[in-house]
Amino acid sequence: MAQVVLKDLVKTYGSVYAAKDVSLTVNDGEFVALVGPSGCGKTTTLNLVAGLIPITSGDIVIGDRVVNDLDPKDRDIAMVFQNYALYPQKTVFQNLAFPLQMRKLPKAEIEAKVREAARVLDITHLLERRPRELSGGQQQRVALGRALVRDPAVFLMDEPLSNLDAKLRVQMRSEIKRFHQDLKATIIYVTHDQLEAVTMADKMAVMNGGLLQQYDSPANVFANPVNMFVASFIGSPAMSLVPLEVGSVDGHTVLKSAEGWTLPLSERNARKVATASSRKVVLGARHSTINLHKTQVDGTVPAKVYTVEPTGDITFVQAFLAGSIVNISLPPTVHVAPDEMVWLEFDQDRIHLFDGETEMALRAD
Amino acid sequence: MSSVGNAVTRRGRKGVDGWRWAGRIFLLIMVLYTALPMAWMLLTSIKSGFAATQFPPQWWPSEPTLASYQKLLDPQNSVGQDFLRFFWNSFFVSTVTTALAVAVAVPAAYAFSRFRFPGRQFLFFSVLLRNMFPAVIFLVPLFILMRWLGLVNTHGSLILTYLTFGLPLAIWLLKGFYDNIPVQLEQAARIDGATRFQAFLLIVMPLSVPGIIATAIYSFIGAWNEYIYAATFLTKNDQLTLPVGIQRFFSENTTDFPGLMAASFLMSVPVVVLFLVLQKYFVRALTEGAVKH
Ligand SMILES: Nc1ncnc2c1ncn2[C@@H]1O[C@H](COP(=O)(O)OP(=O)(O)OP(=O)(O)O)[C@@H](O)[C@H]1O
Ligand SMILES: [Mg+2]
């Protein structure tokens, strides 16, 4: 096992930046999830680490070697591909044995290692089959097994669960997590499913447009998103973002809407908006931190219900507030109807404030 | 299936059946169109010389005989010697052409499919340029070229010429095959410890065997049947290939129709055998990529 360091990694295709100045350190034994919307450069970054595509500039360090110019075979990595990439002409046994044969291990040792990996993944009964005779979940295990037979310094996984049905995905999720705990393996795991990232990873790297946006533990990314993109990308339903203006009433800082209502800010939040580059500020709040009132109370702002989605134990409500959609969750005992007027109360300690111009989170100090 | 059938109205079903029958009749006509001349060839080849030219024709030979075949395959008499030599010449030229075409087309097609290099598009289409003109257009230029190379009256001239037809097609066919093999398979192999070349040799090559076979059959048949160039470039009797040889051979005196037909039949044997043996791969090759696996 080893650590992986990316330094100012750049990959361009013509004038397009697929990865731009990506820098991050994956510590030995850490499980890092690479998340972001489609086309943000996740696969590109992983392929750069694997050495499957040449880097434009920057450095990649695995263990204590700079591997920029090394062939994939010399980087001591294993990779699980999104489409599994099992060798169609080989049996499961031969698929698992291939990486060992390439490393010229003695036959008996290959046999022993393949059987052991097959036992761990519960695919012993499939060893004589060919990939096309396997179900998606079985193919996935074989792909994982082919990475597992060697013990490489780093595991790279590109959306390994995206082709599975929901139930199998949950099951494989816990198996991969278990595998990580047992082997203390260094894993870089690409996914666009943030739930996978949050449940499995020690750290998550959020990417957008080839740029690394934030790299931190899932809890920290969730609690302190650095900008509006991360805020709206992480969390489901998404964090609500309401563009407002800074104003002042009787010497107190408030947020003003175009509709005329004002929202007084706590002293700490007032310090935050004082650092904004203009009067434009975006208010962010997660669904669970917003209180809904059916009548006007002090410190609440008016909104109009748009949709109501009962899910059983929680009812999700979307409402229009100052022209933006706001997500709210309610206990199923509270009933609201579409087009009803409601009043929303924000928890001053748990709201997020963003600079309307730079889209960066505002900090108090 | 049955529920869908039930949902179809009577008229709709009749329409479907009507089309199906029209299709069958069309196919039947096509089969007869291709098979009847062959049947007639076979029948004529076992007639005596007199029976073959009778009018009205004998539909079925009254005295079937294998004499023509015996004559052609007997190394003792001069007809048999010539025929067997032509046969061998054709076989040699076609086999070498095919081997060279595959040997060059495999790496070329792989490079066109996998690598991005300057001039790739241009080169790829210039490969096709040759096939946009009828073959005869190149007859004189190629003859001049071959004379300049000192290859006239050698089998080398034919092999080189056939490659100029066969290679472009082979490269195009094979590139389609390589395009259909996911690049991730090679990437996986390279991560598993293979060099780029090993990944090609151990993973990609075995997967492209059907494509290579299809390509080889095309190229073999093309060379086997070619007439014009063979007739122009070769003049010495002992070098002729079958299509030219048969033609000269039997038009010298009065035409020996049973002999001509027997020779034609024997000429078609290698192609048919090749087809039957490799048919499995060939069909797979032509339908490759038709469905998503
Ligand atoms: N071979 C290529 N040539 C040109 N552009 C490419 C190439 N490969 C990727 N790109 C571009 O680079 C960007 C990043 O692609 P990448 O495959 O890394 O996205 P991703 O984050 O893995 O997306 P997804 O979640 O859809 O798999 C995209 O804009 C893509 O169009
Ligand atoms: Mg991807």
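Residues numbered from 1 in each chain as written. Chains lettered and ligands numbered in written order. Predicted model: local features only at pLDDT ≥ 70, side-chain atom pairs only at ≥ 80, totals over all residues. Heavy atoms only, no water.

All names here are of chain B. Per the UniProt record, the feature "transmembrane region" (unreviewed entry) sits at residues 21-43, 86-110, 122-146, 158-178, 199-221 and 257-278. Here residues 122-146 runs as 64% helix and 0% strand, with 27 Å between its end C-alpha atoms. Along residues 158-178 one finds 100% helix and 0% strand; the C-alpha atoms at either end are 29 Å apart. (UniProt positions renumbered as here; feature names shortened; annotations may be inferred. Helix = DSSP H or I, 4+ residues; strand = E, 2+ residues; numbered from the N terminus.)

All names here are of chain A. The immediate surroundings of ligand 1 are formed by Tyr13, Ala18, Ser38, Gly39, Cys40, Gly41, Lys42, Thr43, Thr44 and Glu159. Contact distances for ligand 1 include 2.5 Å between an oxygen atom and a side-chain N or O atom of Thr44. Interatomic distance of 3.4 Å between a side-chain N/O atom of Glu159 and an oxygen atom of ligand 1. The fraction of the free accessible surface of ligand 1 (640 Å²) that becomes covered by protein chains is 58%. (Near = heavy atom within 4 Å. Polar contact = N/O pair within 3.5 Å; in protein donor to acceptor, adjacent residues only side chain to side chain. Areas by Shrake-Rupley, 256 points an atom, 1.4 Å probe, with all protein chains shown as cover.)

UniProt feature "domain: ABC transporter" (unreviewed entry): in the numbering of this structure it lies at residues 4-234 of chain A. Secondary structure within residues 4-234 of chain A divides into 37% helix and 26% strand; the distance between the first and last C-alpha atoms comes to 25 Å.

We now examine the interface of chain A and chain B. With 23 residues of chain A at the contact, the number on the chain B side is 16 residues. When chain A packs against chain B, close to 1700 Å² is buried across both sides, 65% of that on carbon and sulfur atoms. The tally of links from chain A across to chain B stands at 2 salt bridges. Tallied by class, the residues present in the side of chain A that touches chain B amount to 14 nonpolar, 3 polar and 6 charged. (Contact = heavy atoms within 4.5 Å. Buried area = accessible area lost by both parts, 1.4 Å probe. Salt bridge = Lys/Arg side-chain N within 4 Å of Asp/Glu carboxyl O. Nonpolar A, V, L, I, M, F, W, Y, C, P; charged D, E, K, R; others polar.)

Residue and element names in this part refer to chain A. Considered domain by domain, chain A is made up of domain 1 (4-228) and domain 2 (240-355). Placing a centre on the C-alpha atoms of domain 1 and another on those of domain 2 gives a separation of 40 Å. On the side of domain 2, 6 residues touch domain 1, which itself brings 5 residues to the contact. Around 500 Å² of area is buried between domain 1 and domain 2 when both sides are counted, 72% of it from carbon and sulfur atoms. Three residues stand out in domain 1 for area buried against domain 2, namely Phe222, Pro225 and Met228, and they jointly supply 85% of the buried area on that side. Across the contact surface, domain 1 and domain 2 share 0 salt bridges. When the residues that make up the side of domain 1 that touches domain 2 are grouped by side-chain class, the tally is 4 nonpolar, 1 polar and no charged. (Domains from an automatic or database assignment.)

This next bit is on the packing of aromatic side chains. Counting across every chain of the model gives 25 aromatic pairs over all chains. Seen from their ring centres, Phe133 of chain B and Phe138 of chain B are 6.0 Å apart, and the 75° between their planes marks the pair as edge-to-face. Ring centres 5.6 Å apart and planes at 20° place the aromatic pair Phe220 of chain B and Trp224 of chain B in the stacked group. With Phe220 of chain B and Trp224 of chain B both in helix 11 (residues 209-225) and 4 residues apart, this pair spans about one turn of that helix. Given the relative accessible area of 8%, Phe220 of chain B is considered buried. Stacked on the ring of Tyr13 of chain A, the Lys or Arg Lys11 of chain A has its end atom at 5.3 Å from the ring centre. Sitting over the ring of Trp21 of chain B, Arg24 of chain B keeps its end group 4.8 Å from the ring centre. (Phe/Tyr/Trp six-rings, centres within 6.5 Å; stacked < 30°, edge-to-face > 60°. Buried < 20%, exposed > 50% of the residue type's maximum accessible area, 1.4 Å probe, protein only. Lys NZ or Arg CZ within 6 Å of the ring centre and 35° of its normal.)

So, on to unusual backbone geometry. Residue and element names in this part refer to chain A. With an omega dihedral of -5°, the bond running from Ser236 to Pro237 counts as a cis peptide bond. Note on placement: Pro237 falls in the loop between helix 8 (228-233) and strand 11 (240-249). Even without being a glycine, Glu359 presents a positive backbone phi close to 65°. Note that Glu359 resides in the segment after strand 20 (352-355). Judged by its relative accessible area of 41%, Glu359 falls in the partly exposed class.

So, about helix 10 (residues 196-207) of chain B. With 12 residues, helix 10 of chain B ought to run about 16 Å at 1.5 Å a step, and its terminal C-alpha atoms sit 16 Å apart, in line with that. Listing the buried residues of helix 10 of chain B in full gives Ala199, Phe200, Ile203 and Val204 of chain B. One face of helix 10 of chain B carries all of its buried residues, which in axial projection span an arc of 125°. As for helix 10 of chain B, its buried residues are in contact with helix 2 (92-102) of chain A together with helix 5 (78-114), helix 8 (155-180) and helix 9 (183-191) of chain B. (Expected span 1.5 Å × (residues − 1). Arc of directions from axis to C-beta.)

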